[in-house]
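Structural description and commentary
Listed below, chain by chain, are the residues.
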Amino acid sequence: MKRWTPMLTLLTGSGMAAVLFTMSAQAAPPAAQPDPGAAATASASAAPPAAPAAPAGEAPAADVPEPSATRPAATSPPAAPPGPGDAGTPERRVDGNWTGRLDNGATIAISVEAGAAVAYVCDGTRLEIWLRGTATDGDLALTGKEGARLTGTVEAGRAAGELVVGERRWRFTATATAERAPVLYRATARVRDAGVDGGWIMRPDGTQIGVVTWNGEPVAAPPLDPAFGTTIVRGVRITAEPVIPGPVAGG
Amino acid sequence: MAEHRRGGAHAGYDGPAVQVLPEPAPARSAPAPRAAGPTTLFVPLLVGAAVAVALGVYGRTHTPTGIAVNVAGFSGPQTVKVWLGSAAALFAVGQLLSALAMWGRLGPFSPSWAGAAHRWSGRIAFLLAVPVAVHCLYALGFADHDLRTLAHSALGCFFFGAFTTKMLALPRPGLAGWTLPVLGGVLFTALMGVWLTSSVWYFTTFGVHR
C-alpha cells in the first residue's frame, strides 16, 4: 500500500485538475454567442468555400452546422495568413485582434470573433469610445455611443477604415497582433457610489494605454496588470476583464 | 535491505549529503541508502520533465480565456488563487519542518508523527496548488510579460514536474540517501519561488484582500 500512496496522490491531483478544467471550460463563455441575426452573418462569413454564394439573409436560423462551422474559426491561429492552399479561395474569415492608430494619434484596437466585432479607441487622457458591431466578410460596421460609427475592412494582416463621431472624422490603420491574447480589457464597477468605466488596450509591444471614466470624468488609466486584470484607481482595486466580441448589446 | 535506516550507512557509503546521526528519526519508507545507481531515478525524472514541458507547452499554445471556474467567497479568481497559493506555501513550510524532524535535523524534536504530518501536509499543499495551476494555465497561460510572470510561469511548470518526479521516486527501492532531501528541497524552493512571484507580489502590490 505504501508503494501506491504517492501514485494515489498524483492521481487525485490529476483527477482534480481534470474536473476543474472541465468546469472551467463550461464556465468560460463560448467563443461567441451570437443572436440569430449575428449567427446568420457568422455562418455566412465562416461558410466553407463550397457554398460561398449563400447570402447572409438566406441562411436559415436553424442552420444546424453553423456552430461547428464557427468553432474552428475560434480555435484557429489568429493572424495566420491564409495558407498557400486556400490563397485562391473566396473565404474571408478573419478572426483576431488588430491594434493601430487613428490619424489624430489615438490608439485603436479591434477584436473580431465569428463575425462579431468590438473596437475601442482611446487617447490615454480624455477620449474613449467603445464600438460594437459586425465584421462580415472582412467589412467592419460598428457603432458606439453618441452616433459614433466605425467602418472599414479587416484582413488577416491589417485593418483600415474610418471612424466618424459627429462632425469629426478620422482614418485609422491597424496591424494584427501575433498572439491570440486579448488586447481589449474593460472594467465597469460601482465603487464608493462612483461609476467607473475603464478601458485598456494591450499593445503588442507590451505597453498599454487606457482611460478610466470616473463618474463621467475621464482620467488617465493606471496600468493594468495583464495577468490579473487588476489595477488601482484612486485607491480602489478595479478588475478588468477581456472584452470578447459579441452581439450589439448597448455597449 | 529494508531494515536500513535513513542515514545509517556507517560503512563504505560516502554519499555527499547524508550525515550519520546518532538517533535517526523513524523513517517512513526507509529506502536503502545504498544507491542502486542513477538509473533508479531515470523514469521519474523523465516523466517529471515531460509533465513540466507539457504544462508549459499547453500554457503557451492554449488560448487564454481570462475566465475559469470561480470559488465562492472571494472577490475574484485572483484573490482565490492568492489565498490558495498562500495556504499551499504555509503547508510547504510544514513540509520543510516535518522533513527536518524526520531526518533528525531539529535536534531532539523528532516525533513519531513527523512522517504522517509530512505526508499529509504534502498532499494538502499539492491539492491546494492544483486549482491555482488550473486557473493559471486555463485562464492566463504561460506568460512572459515581464520577468515576474516569466519566472512564475516557468517555476510553476517546473514545480509540478518536480512533484511528479518525487512522487514517482518515493516508492522506488534503492534510492541514494540524498535523493528525497534534494527532491524535496527543490520542490520547496520552486513553490516558494512560485509563491513569491504571485501571492507575495499581489499582496505587496494590491494589499491584502479577500
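Predicted model, so just to flag it, every value in this text is computed and none were measured.

1. Digging into the overall build of chain A
Per the secondary structure count, chain A includes three helices and 15 strands. Taking all 251 residues of chain A together, the buried fraction comes to 38%.

2. Re the overall build of chain B
In terms of regular secondary structure, chain B is built from five helices and zero strands. Helices and strands in chain B line up, N terminus first, as α-α-α-α-α. The proportion of buried residues among the 210 residues of chain B is 43%. In chain B, once contacts between residues fewer than 6 apart in sequence are set aside, the share between residues at least 24 apart is 76%.

3. Things to note about the nonpolar core
Of all hydrophobic cores here, the largest spans 48 residues; its most connected members are Ala88, Ala133, Phe159, Phe160, Ala190 and Leu191 of chain B. Looking at which element gives the most residues to this core, the answer is helix H3 (residues 114–140) of chain B, with 12 residues. In contact with Ala190 of chain B, not counting residues within four places along its chain, are Leu155, Phe158, Phe159 and Ala162 of chain B. Ranked by size, the runner-up nonpolar core spans 43 residues in total, among them Ala109, Leu163, Leu184 and Tyr185 of chain A.

4. A closer look at helix H5 (residues 179–206) of chain B
In an α-helix there are 3.6 residues to a turn, and that puts residues three or four apart on one side. All names here are of chain B. Taking 1.5 Å per residue as the helical rise, H5 with its 28 residues ought to reach 40 Å, and the 39 Å between its terminal C-alpha atoms agrees with that figure. Most pronounced at Leu196, the bend in H5 amounts to some 40°. Following H5 by one or two positions, Gly207 adopts a phi angle in the positive range, close to 85°.

5. Let's talk about the confidence of the model for chain B
Reading fine detail from the predicted coordinates is not recommended where pLDDT is low. Residues and elements named next belong to chain B. Residues with a pLDDT of 70 or more make up 73% of chain B, whose mean pLDDT is 77. Looking at the elements of chain B, mean pLDDT is at its lowest for helix H2 (residues 77–102), recorded as 87, and at its highest for helix H4 (residues 147–169), recorded as 91. Throughout residues 1–35 the model reports pLDDT below 50, and contacts reaching past four residues in sequence, or to other chains, amount to 67 contacts. Taken over the whole predicted complex, pTM reads 0.49, whereas the ipTM for its chain interfaces reads 0.71.

6. Concerning the pairing of strand S3 (residues 116–122) of chain A
Residues and elements named next belong to chain A. Judged by how many residues are buried, S3 sits mostly within the fold: seven of seven residues are covered. As judged from the seven bridges shared by strand S2 (residues 107–113) and S3, these two strands associate in the antiparallel manner. Each bridged residue has a counterpart across the sheet, and for Ala109 the counterpart in S3 is Tyr120. In terms of strand pairing, S3 meets strand S4 (residues 128–136) through seven bridges, oriented antiparallel. When the sheet's bridge partners are listed, Val121 is paired in S4 with Ile129. Two successive antiparallel strands, S3 and S4, enclose a turn made up of five residues, where Gly124 displays a positive phi of approximately 85°.

7. A short note on unusual backbone geometry
Residue and element names in this part refer to chain A. Not every positive phi belongs to a glycine, and Ala114 is a case in point at roughly 55°. With respect to the element layout, Ala114 can be found in the loop between S2 and S3. With 29 C-beta atoms counted inside 10 Å, the residue Ala114 sits in the buried group. Phi is positive for Glu146, which is not a glycine, with a value near 55°. Tracing the backbone through its elements, the reader meets Glu146 in the loop between strand S5 (139–144) and strand S6 (149–154).

8. Considerations on the packing of helix H1 (residues 42–61) of chain B against H4 of chain B
Residues and elements named next belong to chain B. The contact between H1 and H4 brings their axes to 7 Å, and the two run at 150°. The orientation of H1 relative to H4 falls into the category roughly antiparallel. Viewed along their axes, H1 and H4 form a crossing whose handedness is right-handed. For the pair formed by H1 and H4, the contact residues are Val43, Pro44, Leu45, Val47, Gly48, Ala49, Val51, Ala52, Leu55, Gly56 and Gly59 on the first element and Ser153, Cys157, Phe158, Phe160, Gly161, Ala162, Thr164, Thr165, Leu168 and Ala169 on the second. Classifying every residue of the contact of H1 with H4 gives 14 nonpolar, seven polar and no charged.

9. Here's the deal with the environment of Ala135 of chain A
All names here are of chain A. Take Ala135: it is sitting in strand S4. As for Ala135 and Asp95, which are separated by 40 residues in sequence, their C-alpha atoms are 9.1 Å apart. In contact with Ala135, other than residues within four places in its own chain, are Val94, Val112, Gly115, Ala117, Leu140 and Val154.

10. Quick look at the sheet that holds S3 of chain A
In a beta sheet, neighbouring strands pair by backbone hydrogen bonds and run either parallel or antiparallel. One closed barrel holds the eight strands; their spatial order is S1-S2-S3-S4-S5-S6-S7-S8 (chain A), and the pairing between them is antiparallel. Along the sheet, successive strands turn relative to each other by an average axial angle of 25°, direction set aside.

11. Remarks on the packing of H4 of chain B against H5 of chain B
All names here are of chain B. One way to put it is that H4 packs onto H5 with a least axis distance of 9 Å and a crossing angle of 150°. Relative to H5, the element H4 is oriented roughly antiparallel. The hand of the H4/H5 crossing is left-handed. The residues of H5 that touch H4, namely those facing Arg148, Ala151, His152, Leu155, Gly156, Phe158, Phe159, Ala162, Phe163, Thr165, Lys166 and Ala169, are Thr179, Leu183, Gly184, Val186, Leu187, Ala190, Leu191, Gly193, Val194, Thr197, Ser198 and Trp201. When its residues are assigned to classes, the contact of H4 with H5 shows 14 nonpolar, eight polar and two charged.

Conventions adopted
Residues numbered from 1 in each chain as written. Chains lettered and ligands numbered in written order. Predicted model: local features only at pLDDT ≥ 70, side-chain atom pairs only at ≥ 80, totals over all residues. Helix = DSSP H or I, 4+ residues; strand = E, 2+ residues; numbered from the N terminus. Buried ≥ 20, exposed ≤ 12 C-beta atoms within 10 Å, placed from the backbone. Contact = placed C-beta atoms within 7 Å. Core = buried A, V, L, I, M, F, W, Y, C linked by C-beta atoms within 7 Å. Expected span 1.5 Å × (residues − 1). Bend = angle between axes of the 7 residues up to and from the residue. pLDDT = per-residue confidence, 0-100. Pairing = 2+ DSSP bridges. Axes fitted to C-alpha atoms, helices over the stretch in contact; angles between N-to-C directions. Parallel < 35°, antiparallel > 145°, perpendicular 65-115°, else oblique. Left-handed = near helix turned anticlockwise from the far one by under 90°. Nonpolar A, V, L, I, M, F, W, Y, C, P; charged D, E, K, R; others polar.

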